[in-house]
2 protein chains.
Amino acid sequence: MEAEERKTPARLLGEADGVPGEWLEPRYPIGQAAAFTDVPADTLRYYERKGIMTLAGRTPGGARRYSELDLEKIACAHWLREAGVPIDVIRQLTALRGQGPQTASGRRALLVAHRDELQRRRDRIEESIDAVEEKIAKYDRIVEARR
Amino acid sequence: MEAEERKTPARLLGEADGVPGEWLEPRYPIGQAAAFTDVPADTLRYYERKGIMTLAGRTPGGARRYSELDLEKIACAHWLREAGVPIDVIRQLTALRGQGPQTASGRRALLVAHRDELQRRRDRIEESIDAVEEKIAKYDRIVEARR
DNA sequence: GCTTGACTTAAAGTGAACTCCAAGTTCTAG
DNA sequence: CTAGAACTTGGAGTTCACTTTAAGTCAAGC
């Protein structure tokens with residue numbers, strides 16, 4: 001057992017290797033994938049159930065093996081989640097991506113809709129910040145008056 | 001029955017009336033309070049259970065009656081919720097407010113903490129927007145290339 | 001007195017996104 | 001070959017903030 005877990009597969013480091021298609025090899029068990037992507041294994045299985053990950057390769061025995069491309073897809077899905085995109089929308093994006101390049105404009109539309117939503121969310125937060133600052137200022141005056 | 005429900009109690013319109021302390025009168029039943037504040041009656045009871053509303057006045061029969069001050073407190077709590085402040089934090093603020101003015105600096109600290117949290121949240125969203133825009137641009141190039 | 005509608009309570013249900021568990025199977029190092 | 005770590009599955013549990021339900025009480029108009 002190593003002192004420190006290796007956290008990044010070659011592809012993510014940009015170490016292009018000679019064998020073409022090598023990063024499509026289903027190589028990484030779920031625990032490694034979890035460590036690489038920082039997404040818990042349970043969550044990876046959950047994403048799969050929810051249909052936002054097309055199934056990675058399996059060993060004859062049935063254990064999942066992720067390729068480096070799969071890891072990138074996971075990273076992308078997880079990133080979208082962190083950006084607040086609901087699983088449902090990610091599923092739609094994934095489904096469209098699976099249907100080939102003619103769905104590109106549909107996917108673009110989904111992303112534009114989400115960007116607009118994000119902007120609205122940011123604007124609301126901005127307003128909240130302003131209002132909270134005002135309240136803080138009010139407390140400053142109160143605290144000041146009591147000294 | 002009126003054609004249009006009256007949505008705002010006098011105090012919120014700024015119609016100061018002659019009788020001092022009048023806006024402390026527990027006057028409005030929960031349905032009215034809900035209409036005024038745009039917070040469903042169920043949610044008002046829920047807030048009360050959660051301890052983020054000190055109990056409003058009651059009729060002899062046990063029905064809640066809200067004063068205009070209560071309505072302002074509701075508006076404040078609801079606004080904090082919309083700003084993403086968890087119920088728990090609102091409860092702390094409410095509790096501190098109930099303990100008098102010497103807790104003002106404590107309340108200020110809670111608000112500052114929340115403002116910082118909001119700023120972090122806004123910054124994350126900002127990053128997400130940038131990233132989504134980048135993805136959109138990528139799709140633009142794809143869609144362009146296919147024409 | 002009776003109906004209607006607004007109110008009361010405790011408790012259960014909802015939905016999103018995980019997160020954990022039990023019991024069994026597979027993989028891997030020695 | 002075997003011990004034990006890592007994996008499999010289906011399903012239950014968790015958290016948050018409500019939301020709904022069931023069963024009953026209260027106040028006003030006819």
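Residues numbered from 1 in each chain as written. Chains lettered and ligands numbered in written order. Predicted model: local features only at pLDDT ≥ 70, side-chain atom pairs only at ≥ 80, totals over all residues. Heavy atoms only, no water.

### Re the protein's contact with DNA strand C
- Contacts to DNA strand C come from 18 residues, most closely from D42, T59 and R81 of chain A together with G31 and R64 of chain B.
- Counting only the atoms of DNA strand C that lie within 4 Å of the protein, the sugar and phosphate share comes to 70%.
- Between Y47 of chain A and DNA strand C, the recorded distance is 3.3 Å, taken from a side-chain N or O atom to a phosphate oxygen.
- Here G31 of chain B contributes a backbone N or O atom positioned 2.9 Å from a phosphate oxygen of DNA strand C.
- Elements that contribute at least two residues to the surface near DNA strand C include exactly helix 3 (41-49) of chain A together with helix 2 (30-37) of chain B.
- In terms of residue class, the surface near DNA strand C is made up of 7 nonpolar, 5 polar and 6 charged. (Near = heavy atom within 4 Å. Polar contact = N/O pair within 3.5 Å; in protein donor to acceptor, adjacent residues only side chain to side chain. Helix = DSSP H or I, 4+ residues; strand = E, 2+ residues; numbered from the N terminus. Nonpolar A, V, L, I, M, F, W, Y, C, P; charged D, E, K, R; others polar.)

### Brief notes about the protein's contact with DNA strand D
- The environment of DNA strand D is made up of 17 residues, and the closest members are G31 and R64 of chain A together with D42, Y46 and R81 of chain B.
- When atoms of DNA strand D within 4 Å of the protein are sorted by moiety, sugar and phosphate together comprise 72%.
- G31 of chain A is positioned with one of its backbone polar atoms (N or O) 2.8 Å from a phosphate oxygen of DNA strand D.
- Y47 of chain B places a side-chain nitrogen or oxygen 3.3 Å from a phosphate oxygen of DNA strand D.
- Those elements giving two or more residues to the surface near DNA strand D turn out to be helix 2 (30-37) of chain A together with helix 3 (41-49) of chain B.
- Looking at which element gives the most residues to the surface near DNA strand D, the answer is helix 3 of chain B, with 5 residues.
- Its residues assigned to classes, the surface near DNA strand D shows 7 nonpolar, 4 polar and 6 charged.

### Looking at the sheet that holds strand 1 (residues 28-29) of chain B
Residue and element names in this part refer to chain B.
- Taken in spatial order, the 3 strands of this open sheet run 1-3-2, and their pairing is antiparallel. Two strands in the sheet have a free side with no partner beyond their single neighbour: strand 1 and strand 2 (57-58).
- Here strand 1 pairs with strand 3 (residues 64-66) via 2 bridges, running antiparallel. In the strand pairing of strand 3, P29 is matched with R65. (Pairing = 2+ DSSP bridges.)

### Quick word on the nonpolar core
- L44 and Y66 of chain A together with L44 and Y66 of chain B are the most contacted members of the largest nonpolar core, which totals 60 residues.
- A total of 10 residues in this core trace back to one element, the largest contributor, which is helix 6 (residues 104-145) of chain B.
- When sequence neighbours within four positions are dropped, the list of residues in contact with L44 of chain A reads I30, A33, A34, V39, Y66 and I74 of chain A. (Core = buried A, V, L, I, M, F, W, Y, C linked by side-chain atoms within 4.5 Å. Buried < 20%, exposed > 50% of the residue type's maximum accessible area, 1.4 Å probe, protein only. Contact = heavy atoms within 4.5 Å.)

### Description of unusual backbone geometry
Residue and element names in this part refer to chain A.
- A positive phi angle is found at D38, which is not glycine, with a value near 65°.
- Looking at the element boundaries, D38 is found in the loop between helix 2 and helix 3.
- For D38, a relative accessible area of 61% puts it in the exposed group.

The values reported here are purely geometric and, on their own, carry no functional implication.
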